[in-house]
Amino acid sequence: MGGSAPRRAGHLPVETTSFVDRRGEQAAGRELLSRARLVTLTGPGGVGKTRLAARIAARAERTFPDGVRFVHLAGLREPELVPLAVADALGLHDHSAGPPADALVAHVRDRKVLLVLDNCEHLLRACARLAAALLRGTTGVRILATSRHRLGLTEENLLDVRPLPVPDPDGDLSAADGYPALALFADRAAAVVPGFALTAGNRAAVARLCRRLDGLPLAIELAAVRMRVLGVEQLLERLDDRYRLLTSGSPAALPRHRTLRAAVDWSHELCTAREQLVWARLSVPAGGFDLETAEAVCADGDLVHGADVLDAIAGLVDKSVLSREPGPDGVRYRLLDTLRHYGLETLRGTEGEELATRRRHRDWMLRRATACEQAWFGPGQREIVARLRADQDNLRAALDFSLRGAGGAAAASGPDGVFGVGAPGAASVMAAGPGAAARPACRSTASATSADPREGVTPPPADALAGLRLAGTLAGPGAAARPASGSTASATSADPREGATPTPADTLAGLRLAGTLWFYWHACGAPREGRYWVERALEANPEPTSERARGLWVAGLLAGCPEDLTRGLRRAEEARELARGLGDAAEAAHAAYVIGVIRLFADDLCAALAHFEAGVARGPVPGQHLSLVGLDQVELACALGFLGHADRAVEVCEKTLRLCEEHGEEWVRSYALRMLALAHTVKQDWPRAERYAREALRLKLAVNDLIGLALTMDLTARIATERSAHERAAVLLGGADRAWAAVDQGRWGSEALNSLRRDTESRAGRVLGSTAFTAAYDRGAALTLPELVGHALQEPGLPDVTPPAPDRPQVRLTPREAQVAELVAEGLANQQIADRLVIARRTAEGHVERILNKLGFNTRTQIATWVTAQR
């Protein structure tokens, strides 16, 4: 359920269920966006704000030449991460030391882009601050936000997203099929009862049911799933029982909150006790998760075993509690934010339960990150990047828990809470007897009414998870009358984070996780976020440990601007000294690499050369990561190349390539190829230099190595000038400058790098003239990175790397194949293509296979490059 699955960072969600109506709101939203720069869709949980925002954004996409970027905020806990999430969606991998909002403003200052900020309510101040900075620092940026509460800016225009209209069940229903609430129910009911349709005989009952559900889309969808076992009249009768219970329990709760609570409570009670417990525990993972994660988080070896989790997940998917979506490794699952908060409230009802679940989640993410690091120097780098990007919110949640403790901001849903009513009662429906519907809610009415009137809710009873225990299935009919153990007062006074102050073991695990992800932060375009977590973890772990030694050199590695390099060098030197004192030769060698690379980019070339010569001569030490062994060689070749020792540089690079080829590795290989291009540039062997540079670009794009792309694009532009392709050089230089703008516009202050750029600009500008050079430069600056790399790889007159051979007959794709090829170029997997085109996955696979055969290609990357070249 939920209707959409997130795509790659920044892209609009893929719709997984049909979208029902909302034509009026769509038109109103587009009209507001046409005249206002900040539009916020407001409304209660479950009303459909996210789906509507995605629809409005998709319809408005053509008016934003620099694109629409969708930012998922539901999985974030820390306000500091809001600008980083937006930067990630925009493809900004900033290394600067200044405020991230400033880097964002600079990045989009001259662009016309629509940002969709989804689920702002728990991060209102951070979202408002960022929105204000973007609106006041740019002219072409517009923001479409979804939130249960307004951001509070003067520029803000509100669009109230109301529940779907419902006809009077006792009135004329001849035109009832035109009401979206009824259409939604019929559509979702037909998914579980094939052939179901609105008829003269059931329209009144469906209208009455939708009216009872206040037209809330989420509540309607949850109820429709019950059609598998109940008729419409039975649904209505059962729902009325739940609604009466909630009305008697919380007079302060808003009617819509009670309605949604009734629908969710009912879905919860229809789950088995094990499904209820798995639901609660799955509220801890942030964003989506795969089956392995679910098993690691939910299985405690007592109430839930690993083998139980798949059955529970199948039941929750069947009941539309979990939604199923495609992922890089197969199927992933997701809890809608409303249902996740419900599960989290339940989880917090038993002392220690949330803390234990969060620790299992953190430990699993650490194991996964460790496995990815161990496999990084190998053939699966692209898959590792995709897997970690899919788990980005989970990594953040694990790090935040370790460094701050359980609960916290993730529990907040804004001033009104999620439902406006309390947590589930103490006994599950399986433990409850026939009198469950008459049982009063487990809270004090007095305390509820004395709370903030915006809340209408008191904290959940301390033992609300008791009903999820499997033992509850044996409790018998009298369970419903058993009072909750623990008073409302004690629950109210409890720390909403369960008093789960992180222990030293937790904070050390957080540092270990942040350090283990060094390759992800560094190689995959997340340096600023990496610095945020590593510095936070170092502050929490001052003790002299190997984990701290690693954290220190990782902080140095992620230094990304001239003013930060000095601090980074100090961090790396401290790491080496600490590691040596601990007898940890591997971490000392890792720190030594960082020291050398900072010297290299600080233009201390002779010192860098001596440093890397000594390191390479020493050879690998036990435990040293092979990626950093290879990079030692790469940086030695770089120093040799900059100092004019081209033949020695080629010799070192060839040794590195052999190491990479032995392991099927691509990332270090791409740097060795770039160094070969540099060495052949020094030797003025321009065809070889160009061939190596182009091959490096292709590999770097595959793992989203923005720094490597920027470095290699500079070199490719220089090679183009030497081959008298001055217009091409100007295009590449424009693209390179745009890439560097997302890293560090000043190229870290390196004279070696900046002189290369100046020479290219001077020579191309002199030949082309100012007007022609500027036109070509601007054309390159307007290209996306995939387009720019495609341009570099496909330049006429150069050897083709990925398209068909020149003597191949002209290939024609069918219109459907061309459509599929475009979606492949966007990065969509086969299941996502099937969802977008409303076809079977097998049909999508067949289209892709035929495209590969027609074009003579072997990989999807080749299709993407070919598509770029055709535009």
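Look up a bit, the structure's there.
Remember, predicted model here, so these are calculated numbers, not experimental data.

Q: I'd like a description of the overall build of the protein, backed by residues and values.
A: Of regular secondary structure, the protein possesses 39 helices and 10 strands. Relative to its full complement of 871 residues, the protein shows a buried share of 59%. Across the protein, the fraction of contacts at a sequence separation of at least 24, relative to all contacts at a separation of at least 6, is 75%.

Q: Requested: an account of helix H26 (residues 605-618), with residues and values cited.
A: It helps to recall that an α-helix has 3.6 residues per turn; residues three or four apart then point in one direction. A rise of 1.5 Å per residue sets the reference length of H26, with its 14 residues, at 20 Å; its end C-alpha atoms lie 20 Å apart and thus fit the reference within 8%. Restricting attention to buried positions, one finds in H26 the residues Leu605, Ala608, Leu609, His611, Phe612 and Gly615. Mapping the buried residues of H26 onto a view down its axis gives an arc of 165°, with all of them on the same face. For H26, the exposed residues set more than 90 degrees away from the buried face come down to Cys606, Ala614 and Ala617. Just beyond H26, the residue with positive phi is Gly619, at close to 85°.

Q: Give me the sheet that holds strand S4 (residues 68-72): which residues, what numbers.
A: An order of S4-S5-S6-S3-S7 is seen for the 5 strands of this open sheet, with the pairing classed as parallel. Taken across any chain shown, the strands that pair with only one partner, and hence form the sheet edges, are S4 and strand S7 (156-160). Averaged over all neighbouring strand pairs, the angle between strand axes comes to 20°, with direction disregarded. Looking at chain direction, strand S5 (residues 113-118) and strand S6 (residues 141-147) are connected through 5 bridges and run parallel. Residue pairing for S6: Leu117 is matched across the bridge by Ala145. Packing of helix H1 (residues 23-35) onto the sheet brings it into contact with strand S3 (38-42), S5, S6 and S7, and relative to S7 it is tilted by some 175°.

Q: Go over the environment of Arg816, please, and point to the residues and values.
A: Note on placement: Arg816 falls in helix H36 (residues 815-825). Judged by its relative accessible area of 32%, Arg816 is partly exposed. Between the C-alpha atoms of Arg816 and Leu837, which are 21 residues apart in sequence, the distance is 9.5 Å. With sequence-adjacent residues up to four places away left out, Arg816 is seen in contact with Leu837, Ile839 and His847. Within the local environment of Arg816, its side chain forms a polar contact with the side chain of Gln819, the two groups lying 2.9 Å apart.

Q: Let's hear about the packing of aromatic side chains: which residues, and what values?
A: Scanning all chains against the criterion turns up 12 aromatic pairs. Look at Phe185 and Phe196: their rings are 6.0 Å apart centre to centre, the planes differ by 75°, and that puts the pair in the edge-to-face class. Here Phe196 lies in the loop between helix H6 (180-192) and helix H7 (203-212) and Phe185 lies in helix H6, a separation of 11 residues in the sequence. A relative accessible area of 0% means that Phe185 is categorised as buried. Of the residues examined, Phe196 reaches a relative accessible area of 15% and is grouped as buried. Plain terms: the ring middles of Trp667 and Tyr671 are 5.8 Å apart, the flat faces sit at 90° to each other, and that makes the pair edge-to-face. One end of the pair, Trp667, and the other, Tyr671, are both in helix H29 (residues 667-682), 4 residues apart, so they sit about a helical turn from each other. Taken together, the ring pairs connect Trp376, Trp518, Phe519, Trp553, Trp667 and Tyr671 into an aromatic cluster.

Q: Which residues make up the side chain of Arg747, and what are the values?
A: Inspection of the secondary structure assignment puts Arg747 in the loop between helix H32 (726-741) and helix H33 (751-768). A distance of 2.8 Å separates the side chain of Arg747 from the side chain of Asp737, its partner in a polar contact. Beyond its immediate sequence surroundings of up to four residues, Arg747 is in contact with Asp714, Ala736, Asp737, Trp740, Leu753, Asn754 and Arg757.

Q: Pulling in residues and values, what's your account of the sheet that holds strand S8 (residues 289-290)?
A: Ordered in space as S8-S10-S9, the 3 strands form an open sheet in which the pairing is antiparallel. Looking at which strands have only one partner, the edges of the open sheet turn out to be S8 and strand S9 (322-327). As paired elements, S9 and strand S10 (residues 330-335) share 6 bridges and run antiparallel to each other. Residue Pro326 lies in a different strand from S10, and its bridge partner there is Val331.

Q: Residues and numbers for the environment of Gln624, please.
A: Structurally, Gln624 can be placed in the loop between H26 and helix H27 (626-642). Distance from Gln624 to Ala589, taken between C-alpha atoms, is 6.9 Å for residues 35 residues apart in sequence. Not counting residues within four places of it along the chain, the set of residues in contact with Gln624 comprises Ala586, Ala589, His590, Arg618, Gly619, Val629 and Asp632.

Q: Give a description of the pattern of salt bridges that names residues and reports values.
A: Tallying each qualifying case throughout the model produces 60 salt bridges. A salt bridge links Arg747 to Asp714; the nearest nitrogen and oxygen atoms lie 2.8 Å apart. Of this pair, Arg747 sits in the loop between H32 and H33 while Asp714 sits in helix H31 (residues 706-722), placing them 33 residues apart in sequence. This pair shows no difference in class: Arg747 is buried, exactly as Asp714 is. Salt bridges here are not isolated pairs; linked through shared partners, they connect Arg77, Glu78, Asp400, Arg404 and Arg536.

Q: Kindly report on the pairing of S5, identifying the contributing residues and their values.
A: Of all 6 residues in S5, 6 are buried; the element is thus mostly enclosed. Burial of the side chains of S5 extends over both faces: Val113, Leu115 and Leu117 are buried on one face and Leu114, Val116 and Asp118 on the other.

Q: For unusual backbone geometry, give the residues involved together with the corresponding values.
A: Phi is positive for Asn119, close to 70°, though the residue is something other than glycine. Along the chain, Asn119 turns up in the loop between S5 and helix H5 (124-137). Among the residues examined, Asn119 registers a relative accessible area of 13% and is labelled buried. Its identity is not glycine, yet Asp214 carries a phi of approximately 55°, on the positive side. Relative to the assigned elements, Asp214 resides in the loop between H7 and helix H8 (217-225).

Q: With reference to specific residues and values, describe the packing of helix H25 (residues 585-601) against H26.
A: Remark: H25 packs on H26, axes separated minimally by 8 Å, with the N-to-C direction vectors making an angle of 155°. Viewed along their axes, H25 and H26 adopt a mutual orientation that is roughly antiparallel. Seen along the crossing, H25 lies across H26 with a hand that is left-handed. The residues of H26 that touch H25, namely those facing Ala589, Ala592, Tyr593, Ile595, Gly596, Val597, Arg599 and Leu600, are Leu605, Ala607, Ala608, His611, Phe612 and Arg618. Split into classes, the residues belonging to the contact of H25 with H26 amount to 10 nonpolar, 2 polar and 2 charged.

Q: Could you give me a rundown of the packing of helix H3 (residues 82-90) against helix H4 (residues 100-108), with the residues and numbers involved?
A: Running from N to C, H3 and H4 cross one another at 30°; their axes reach a closest spacing of 9 Å. On the basis of the axis angle, H3 is roughly parallel to H4. Handedness of the H3/H4 crossing: left-handed. Along the contact surface, H3 presents Pro83, Leu84, Val86, Ala87 and Leu90, while H4 presents Pro100, Ala101, Leu104, His107 and Val108. Its residues placed into classes, the contact of H3 with H4 shows 9 nonpolar, 1 polar and no charged.

Criteria and cut-off values
Residues numbered from 1 in each chain as written. Predicted model: local features only at pLDDT ≥ 70, side-chain atom pairs only at ≥ 80, totals over all residues. Heavy atoms only, no water. Helix = DSSP H or I, 4+ residues; strand = E, 2+ residues; numbered from the N terminus. Buried < 20%, exposed > 50% of the residue type's maximum accessible area, 1.4 Å probe, protein only. Contact = heavy atoms within 4.5 Å. Expected span 1.5 Å × (residues − 1). Arc of directions from axis to C-beta. Pairing = 2+ DSSP bridges. Axes fitted to C-alpha atoms, helices over the stretch in contact; angles between N-to-C directions. Polar contact = N/O pair within 3.5 Å; in protein donor to acceptor, adjacent residues only side chain to side chain. Phe/Tyr/Trp six-rings, centres within 6.5 Å; stacked < 30°, edge-to-face > 60°. Salt bridge = Lys/Arg side-chain N within 4 Å of Asp/Glu carboxyl O. Parallel < 35°, antiparallel > 145°, perpendicular 65-115°, else oblique. Left-handed = near helix turned anticlockwise from the far one by under 90°. Nonpolar A, V, L, I, M, F, W, Y, C, P; charged D, E, K, R; others polar.

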